[in-house]
Number of protein chains: 4
Amino acid sequence: MTKEKIKCGIIGATGYAGVELVRILSTHPQAEIVAVSSVSFEGQQLSDIYPNLRGICDMTLEGADEIIPRCDVIFGSLPHGLSEPFAEKCLSHCAVFIDLGADFRLHNEEDYSEWYGKRYEHPELHNEAVYAIPELYRDEIKGAEIIANPGCYPTSVALGLAPAIRGGYLEKGTVIVDSKSGVTGAGRSLTQGTHYPDTNEAFAAYKAGVHRHTPEIEQTLSEIAGEEMKVTFVPHLLPVNRGIESSIYVKLRDGVSFDEVYAAYAAAYENELFVRVQPKGSYANLKNVRMSNYCDISLHFDKRTNMLIVSSCIDNMVKGAAGQAIQNMNLRFGLEESCGLDFVPPAF
Amino acid sequence: MTKEKIKCGIIGATGYAGVELVRILSTHPQAEIVAVSSVSFEGQQLSDIYPNLRGICDMTLEGADEIIPRCDVIFGSLPHGLSEPFAEKCLSHCAVFIDLGADFRLHNEEDYSEWYGKRYEHPELHNEAVYAIPELYRDEIKGAEIIANPGCYPTSVALGLAPAIRGGYLEKGTVIVDSKSGVTGAGRSLTQGTHYPDTNEAFAAYKAGVHRHTPEIEQTLSEIAGEEMKVTFVPHLLPVNRGIESSIYVKLRDGVSFDEVYAAYAAAYENELFVRVQPKGSYANLKNVRMSNYCDISLHFDKRTNMLIVSSCIDNMVKGAAGQAIQNMNLRFGLEESCGLDFVPPAF
Amino acid sequence: MTKEKIKCGIIGATGYAGVELVRILSTHPQAEIVAVSSVSFEGQQLSDIYPNLRGICDMTLEGADEIIPRCDVIFGSLPHGLSEPFAEKCLSHCAVFIDLGADFRLHNEEDYSEWYGKRYEHPELHNEAVYAIPELYRDEIKGAEIIANPGCYPTSVALGLAPAIRGGYLEKGTVIVDSKSGVTGAGRSLTQGTHYPDTNEAFAAYKAGVHRHTPEIEQTLSEIAGEEMKVTFVPHLLPVNRGIESSIYVKLRDGVSFDEVYAAYAAAYENELFVRVQPKGSYANLKNVRMSNYCDISLHFDKRTNMLIVSSCIDNMVKGAAGQAIQNMNLRFGLEESCGLDFVPPAF
Amino acid sequence: MTKEKIKCGIIGATGYAGVELVRILSTHPQAEIVAVSSVSFEGQQLSDIYPNLRGICDMTLEGADEIIPRCDVIFGSLPHGLSEPFAEKCLSHCAVFIDLGADFRLHNEEDYSEWYGKRYEHPELHNEAVYAIPELYRDEIKGAEIIANPGCYPTSVALGLAPAIRGGYLEKGTVIVDSKSGVTGAGRSLTQGTHYPDTNEAFAAYKAGVHRHTPEIEQTLSEIAGEEMKVTFVPHLLPVNRGIESSIYVKLRDGVSFDEVYAAYAAAYENELFVRVQPKGSYANLKNVRMSNYCDISLHFDKRTNMLIVSSCIDNMVKGAAGQAIQNMNLRFGLEESCGLDFVPPAF
């Protein structure tokens, strides 16, 4: 325990993912927050904006550039299109950059241009970046200088489908992903669609077939499959604060039994601390993973249509953002992967 | 206006669909509630159980058998397996029986046996029954003695897919229906899964691939198609009081354009008072149909996968139960179809 | 029924009270909306902003000045400080002005200045204005040209205390009012405090002792008492869409029995359609009045401290705003007071 | 760290307070759960009933009597009237008994009889019991064999008023406490009043003036005051999972300034880890203490009526139950008081 703690800085600390990083890092035994940054609230105390943190993290918000030199690792929690300069600065200061935004997630610049409407300004940086779902890319993460923390929806889908794809159990065809996300997924910025009376007692799809997480999902599934996979992805806004449930629909190949598939999932995640395959007949519920880094997966089978239905639940702000980022930090810095992440999800 | 009002009786008036019938019939200009019945609360005043009705409907709950002879129409809102004797009694008293339960919905006794685990006791009654989605079976309903009011999920799906099937726009293959229902869909009976702290800030699928509405959905879609259609149906419990959103995934045939499909929906529902096809780019939201008899439908297209996505929203207790039942009563008794159903859905 | 309908115009139609006026007036048998106005959305269709109204009220939003000459009554639903010019214009066009804002509620300009920070620009107009809780000021309303529709909290408190004050049952001393309001009370404008993730699973007081409804409450209670009454008023933000519950604490004078007080309430409201005194032992619940014009009142007694506790519940948007405004219109135009207001509050 | 961990047993582990004890103790560095007990679910795994605990606490539920001999401390989380035999058995096995129920809270058997309707069966045990709000009774707790963990409402009120009473700032007269509690306060047992559609979008008072926490509140306030204090206490059911907000109304004595009172609170809680006095002008919000052991207190002043308004917020299940129980265990066993309780309340 005499080892020095990892010095962490957070850029975009007043966004929802940022403040969730603060929540988790505040009790991390091997890391400490040394600086927090925010464009909108520079000069204010973090606990003035988030009174839940009063007495816990009363640090003053600084400018982003000032904090990088003092840190071993920088978490960037920013809208897309802003990360490259910070990544570059981190590299030049030998700080690891963990990007919770989208800029380093897609391997192919064409995809990035198509879905995000801009080109790379520093293409060479992207060679340093590793797309970082620990359960799938553990080894690459250990040596990465730029860690592309995955999107929330893609995390739920990749973990939900990996064993089925790897096992070769699926018929060719479009994967259908019907996801539902709590409102924190839309961020802290005010919009009519997240105004309480508009959101409460409401439910609707949004960005059907055109959400920016689509190419990220396809990239990972295709990598696992070793061939192109196509996804129809439809997210919905769910009137809860936290959590994602993704219901994934894929046909099993003829001759593949549900038991075989279930056994493959159980084996694949047997030694994964943060993935819990539910007993047959139970349903993953986002309630059971809130405030924690777990991904709960349940498997169901419609024998009439030979359809495998995977329900994959995460807390969009933990395994879908801050928790996975810290899991990646742990991996990168040689700590135990679950260090500081042993949150017990509350029953209510 | 001198015409006598239709005399209505409600069996199962203290269930959620029952009390919603009371809410709507209380202000219906051409119908009146003459008796309410409940097994559990016989002898009590309805407004003791539902204080929202105090001063509006303070009627005493009676036994079911007593009320049939005094009514022109009986609404049965009962668990499955209990409707046949009431239907028979209604026929013998020349009262129309509108069954909000499941017993008369399936045309095929084998399906009923398979999914509900029992056989018909009075098979001959089922010949008198009409499956009653007014927008699809208007003419048959006008002459029916037994009206099988459809299930909530099947209503949302049938209205959501009918124009696409009729137009022949869909590729063959399994229809995927991912539905989400407000908690009133689970009824008034107490269960752990609908206990507030278990349900609030929660979301999960249930009965994936095995829900009893599956054969009902397939029956209607197949009838419209003129050939067998198969559905994978997965419902989810949504932490709101009311409303269903069904996201329906079907592939368009090669050469069919989204514009063509959209135009077919617009035309199909142009003269339907209760179906509102949303403008392109808008999303149906269950918020916008709550407390009303509307079905809002929005259409979306994933051109990358040629997938049509239909989002169909109803209030599960109105268009999905009591409202549609009264729409059917209006049709059957020669009233204007929207009589007593001109509820404006509240904005919040 | 051949009588011509009252021509209604709504200024501020896209605010929450405005759109609730639209909801109610859309089915009013003796009134019709002839024009809607909005500063922010002029030129757009109302149903583009509120898709729940699609097919019901697709009117185009106009400028406020254009609509007054075409109307018999104008409902103003505006932030305070903006009503005087509209009131004046209505008077000059012989239209009744029903102000849902605060500008005409206080009889005393000094109070208005103190609490709202500005003076009257047209003091003479205020002589034409009647503070309009129908159950308390029915006769004055019938002849009013300017109707000051009361605030939501003051309505719940005045109806909740009137019989106790009139009966002379209360000891002198500060009245304590602890109120809780649904989020629509804060309006449609976006604020951090009404952003869904900030509001959901949250509860706090606000403006304790300094809310602008305080002088309005004191004005009415003092008028009823015939002497000055003082109130400590603390509102709280409640994570529901609609509804207010006010818990009111007053000491009974020695020798006054709870039964006597209860009987006085029962008698006072016996013939009031919209006030429902709950049976002893029952609790008023805002759930039971939502979407309706009811005020439910329950009475409780702490005999250990001789404290009378009144729980008074209304829908802040109906009896607390749009519904009461229409009740006032009905009174003013000689219609039956409940005309168009016979909404049955839903059970859920 | 070589010190042996405290061996903890939980009786009533499947109730809400019980499962919250499990959540907190699971990551306590100096304590371990060695056994869990439940009458209703004996023989089942705890994680079958609470799937959030899968992989975290899969222990099998045992009978209560079996577990006492193996434990250093027993937490009893039981309905009132059942604790005495367990307390006795703990004493005979040299285990500390921490009772989260009500049986040992009242010093006066007459009060217990009056409010709970039964007498003590083992009066001598009650001499061993200490009423245990650590911030008020720290020294007594250190030597206690039976620890009476306070009720949730009384905790919020005692911490909210102690400095004002101690300072002698209050006029004589009834204290008014208007409290609002999340639904977990009503427990895990199914009731109509906590059925989701009945609770959601609802709000009402209950047990006004007759709640069993009343004598407990009066006992503590009177002890602090050194003279009898009377309280009118009215709880309300709040549609959130967790949290209590108590708004407390007390008149200041003439000549006492609000600044003086505020300073006294700041001083009283300056060194208390778990009580956070909010800056002037800020409001305590139950959101900011959820999942944590904090009590947030804000002070407000209505100078017009000389009324001090205290808003006191806790998580009913943590500082109001399991967290405070563990704080008491820490005190009793000589650990740092905050050991295992350093939860950061989430921002959302």
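Being a predicted model, the structure only gives us computed values, none of them experimental.

*Asks:* Can you break down the environment of Y294 of chain A residue by residue, with the values?
*Replies:* Here Y294 of chain A shows up in the loop between β12 (275–277) and β13 (295–302). Take Y294 of chain A: its relative accessible area is 11%, and that puts it in the buried class. Residues Y294 of chain A and I248 of chain A, 46 residues apart in the sequence, show an inter-C-alpha distance of 18 Å. Residue contacts for Y294 of chain A: discarding those within four places in its chain leaves L273, F274, R276, V289, C313, I314, D315, K319, F343 and P345 of chain A together with I56 of chain D.

*Asks:* I'd love a proper account of the packing of aromatic side chains, names of residues and values included.
*Replies:* Scanning all chains against the criterion turns up 32 aromatic pairs over all chains. Ring centres of Y112 of chain A and Y116 of chain A lie 5.2 Å apart, and the angle between their planes is 20°; this geometry places the pair in the stacked category. Residue Y112 of chain A and its partner Y116 of chain A are both found in helix α5 (residues 109–116); the two are separated by four residues, about one turn of the helix. Residue class for Y112 of chain A comes out buried when judged on its relative accessible area of 2%. A relative accessible area of 8% places Y116 of chain A in the buried class. Geometrically, the ring pair formed by Y153 of chain D and F233 of chain D is edge-to-face, given 5.0 Å between the ring centres and 65° between the ring planes.

*Asks:* Run through the interface of chain B and chain A, naming residues and quoting values.
*Replies:* With 48 residues of chain B in contact, the opposing surface of chain A contributes 48 residues. Between chain B and chain A the total buried area reaches about 3,700 Å² when both faces are included, carbon and sulfur atoms providing 57% of it. For the chain B face of the interface with chain A, the top three residues by lost area are E201, F203 and R304 of chain B, together amounting to 19%. Here chain B is connected to chain A by four salt bridges. The salt bridge involving D178 of chain A is made with K180 of chain B; its shortest N-O contact spans 3.2 Å. Counting across the interface, chain B meets chain A through 32 residue pairs in polar contact (both at pLDDT 80 or more). Only β8 (175–181), α8 (196–199), β9 (204–205), α9 (213–225), β10 (231–237), β11 (244–251), β13 (295–302) and β14 (307–314) of chain B provide two or more residues apiece to the side of chain B that touches chain A.

*Asks:* Quick one: what's the story with the pairing of strand β5 (residues 96–99) of chain C, residue by residue and with numbers?
*Replies:* All names here are of chain C. Neither face of β5 is open: one carries V96 and I98, the other F97 and D99, and all of them are buried. Two elements, strand β4 (residues 73–76) and β5, share four bridges in a ladder whose sense is parallel. Within β5, the position partnered with I74 by the bridge is F97. Tracing the backbone out of β4, into helix α4 (residues 83–92) and back to the parallel element β5 gives a crossover that is right-handed. In the sheet, β5 pairs with strand β7 (residues 146–148) via three bridges, with the strands oriented parallel. When the bridges of β7 are listed, D99 appears paired with A148.

*Asks:* Tell me what's going on with the pairing of strand β2 (residues 31–37) of chain B, and back it up with residues and numbers.
*Replies:* All names here are of chain B. With respect to burial, β2 is a largely interior element, five of its seven residues being buried. Where strand β1 (residues 6–11) meets β2, six bridges bridge the pair, whose relative direction is parallel. When the bridges of β2 are listed, G9 appears paired with A35. Here β2 runs beside strand β3 (residues 61–62); their pairing, made up of two bridges, is parallel. Its bridge partner lying in β3, V36 is registered against L61.

*Asks:* Quick one: what's the story with the relation of the copies chain C and chain D, residue by residue and with numbers?
*Replies:* With an RMSD of 0.0 Å, the operation that places chain C on chain D is a rotation of 180° combined with a shift of 0.0 Å along the axis. In short, the pair behaves as if placed about a two-fold rotation axis.

*Asks:* Residues and numbers for the packing of helix α7 (residues 152–166) of chain A against helix α10 (residues 258–268) of chain A, please.
*Replies:* Residue and element names in this part refer to chain A. Close contact between α7 and α10 brings their axes to 9 Å; oriented N to C, the two are set at 120°. As for how α7 packs across α10, the hand of that crossing is right-handed. On the side of α7, the interface is formed by L159, G160, L161, P163 and A164, while α10 contributes A264, Y265 and A268.

*Asks:* Summarise the interface of chain C and chain D; cite the residues concerned and give the values.
*Replies:* With 48 residues of chain C in contact, the opposing surface of chain D contributes 48 residues. Roughly 3,700 Å² is buried in total at the junction of chain C and chain D, and carbon and sulfur atoms are behind 57% of that figure. By the criterion of area lost to chain D, the three top residues of chain C are E201, F203 and R304 of chain C, representing 20% of everything that side buries. Summed over the shared surface of chain C and chain D, the number is four salt bridges. At the boundary of chain C with chain D, the tally comes to 32 residue pairs in polar contact (both at pLDDT 80 or more).

What counts and what doesn't
- Residues numbered from 1 in each chain as written.
- Chains lettered and ligands numbered in written order.
- Predicted model: local features only at pLDDT ≥ 70, side-chain atom pairs only at ≥ 80, totals over all residues.
- Heavy atoms only, no water.
- Helix = DSSP H or I, 4+ residues; strand = E, 2+ residues; numbered from the N terminus.
- Buried < 20%, exposed > 50% of the residue type's maximum accessible area, 1.4 Å probe, protein only.
- Contact = heavy atoms within 4.5 Å.
- Phe/Tyr/Trp six-rings, centres within 6.5 Å; stacked < 30°, edge-to-face > 60°.
- Buried area = accessible area lost by both parts, 1.4 Å probe.
- Salt bridge = Lys/Arg side-chain N within 4 Å of Asp/Glu carboxyl O.
- Polar contact = N/O pair within 3.5 Å; in protein donor to acceptor, adjacent residues only side chain to side chain.
- Pairing = 2+ DSSP bridges.
- Right-handed = clockwise from strand over helix to strand, strands pointing away.
- Least-squares fit on C-alpha atoms with pLDDT ≥ 70 in both.
- Axes fitted to C-alpha atoms, helices over the stretch in contact; angles between N-to-C directions.
- Left-handed = near helix turned anticlockwise from the far one by under 90°.

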